[in-house]
Amino acid sequence: MSEQTSTPVVRRVDARHRYEILVDEQRAGLTAYRDREDRRVFFHTEVDDAYAGQGLASILVTQALDDVRAAGMRIVPVCPYVAKFLKKHEEYADITDPVTPEVLSWLDAQLGR
Ligand SMILES: CC(C)(COP(=O)(O)OP(=O)(O)OC[C@H]1O[C@@H](n2cnc3c(N)ncnc32)[C@H](O)[C@@H]1OP(=O)(O)O)[C@@H](O)C(=O)NCCC(=O)NCCS
């Protein structure tokens, strides 16, 4: 297991529609989204195997969701990790919207799948 030697840094990369988490300036993971008006639809989260099990996904998603709130936007948790995270962190319930078939169709079109 790799040692975590510095505080992870989370940054939003608008051009790639994602937040990234960096450890020692190396990208360790990301959570990807698409924006639908005032809703940020999270659809995939991943942490590289070398960094797994250190709580990095939790740090990443916490900072991403706080950023959504700061922007006055809302969350739609298509990503299973984000959905599970939200079940444990009720403090985001006031800005969370349900995943609907209509949102899923829209997301598929956005992602070209
Ligand atoms: C899921 C993933 C992002 C977790 O990264 P991590 O930094 O090791 O996660 P953390 O240490 O912050 O948290 C571990 C938690 O993730 C949960 N988890 C692991 N895989 C999961 C999955 N596929 N869906 C939902 N939750 C998952 C674990 O149950 C654990 O939950 P707990 O805190 O309640 O015990 C990582 O394992 C990964 O990249 N997996 C492959 C891609 C994937 O399946 N992504 C999720 C769906 S898009």
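Residues numbered from 1 in each chain as written. Predicted model: local features only at pLDDT ≥ 70, side-chain atom pairs only at ≥ 80, totals over all residues. Heavy atoms only, no water.

To continue, consider the packing of aromatic side chains. What the rule picks out here adds up to five aromatic pairs. Between Tyr81 and Phe85, the ring centres sit 6.4 Å apart and the planes meet at 35 degrees, which makes this aromatic pair tilted. Taken together, the positions of Tyr81 and Phe85, both in helix α2 (residues 80-88) and four residues apart, correspond to about one turn of that helix. Among the aromatic residues, those joined into a cluster by ring pairs are Tyr19, Tyr33 and Phe42. It is Arg40 that lies over the ring of Tyr33; its NZ or CZ is 4.4 Å from the centre. (Phe/Tyr/Trp six-rings, centres within 6.5 Å; stacked < 30°, edge-to-face > 60°. Helix = DSSP H or I, 4+ residues; strand = E, 2+ residues; numbered from the N terminus. Lys NZ or Arg CZ within 6 Å of the ring centre and 35° of its normal.)

The subject of this paragraph is the sheet that holds strand β2 (residues 18-23). Reading across from one edge, β1-β2-β3-β4-β5 is the order of the five strands in this open sheet, with mixed pairing throughout. Looking along the sheet, the strands with just one partner apiece sit at the ends: β1 (9-13) and β5 (74-77). On average, each strand axis in the sheet is inclined to that of its neighbour by 30 degrees, with strand direction left out of account. Alignment of β2 against strand β3 (residues 26-36), held across six bridges, turns out to be antiparallel. By the bridge assignment, Leu22 is partnered in β3 with Arg27. Of the strands in this sheet, β3, β4 (39-47) and β5 are in contact with α2, which crosses β5 at around 115 degrees. (Pairing = 2+ DSSP bridges. Axes fitted to C-alpha atoms, helices over the stretch in contact; angles between N-to-C directions. Contact = heavy atoms within 4.5 Å.)

Bringing the environment of Asp35 into the picture now. Summarising the element assignment, Asp35 is placed in strand β3. For the pair Asp35 and Gln110, spaced 75 residues apart in sequence, the C-alpha separation works out to 9.8 Å. Discounting residues that sit within four places of it in the chain, Asp35 has contacts with Arg40, Met73 and Trp106. Engagement of the side chain of Asp35 in a polar contact is seen with the side chain of Arg40, the distance being 2.7 Å. (Polar contact = N/O pair within 3.5 Å; in protein donor to acceptor, adjacent residues only side chain to side chain.)

What surrounds the ligand is a group of 16 residues, the closest being Thr45, Val47, Gly53, Lys84 and Lys88. Between the ligand and Gly53 there is a distance of 2.7 Å, counted from an oxygen atom to a backbone nitrogen or oxygen. Here Ser58 contributes a backbone N or O atom positioned 3.0 Å from an oxygen atom of the ligand. Elements supplying a minimum of two residues to the shell around the ligand: β4, α1 (56-70) and α2. Its residues assigned to classes, the shell around the ligand shows seven nonpolar, six polar and three charged. (Near = heavy atom within 4 Å. Nonpolar A, V, L, I, M, F, W, Y, C, P; charged D, E, K, R; others polar.)

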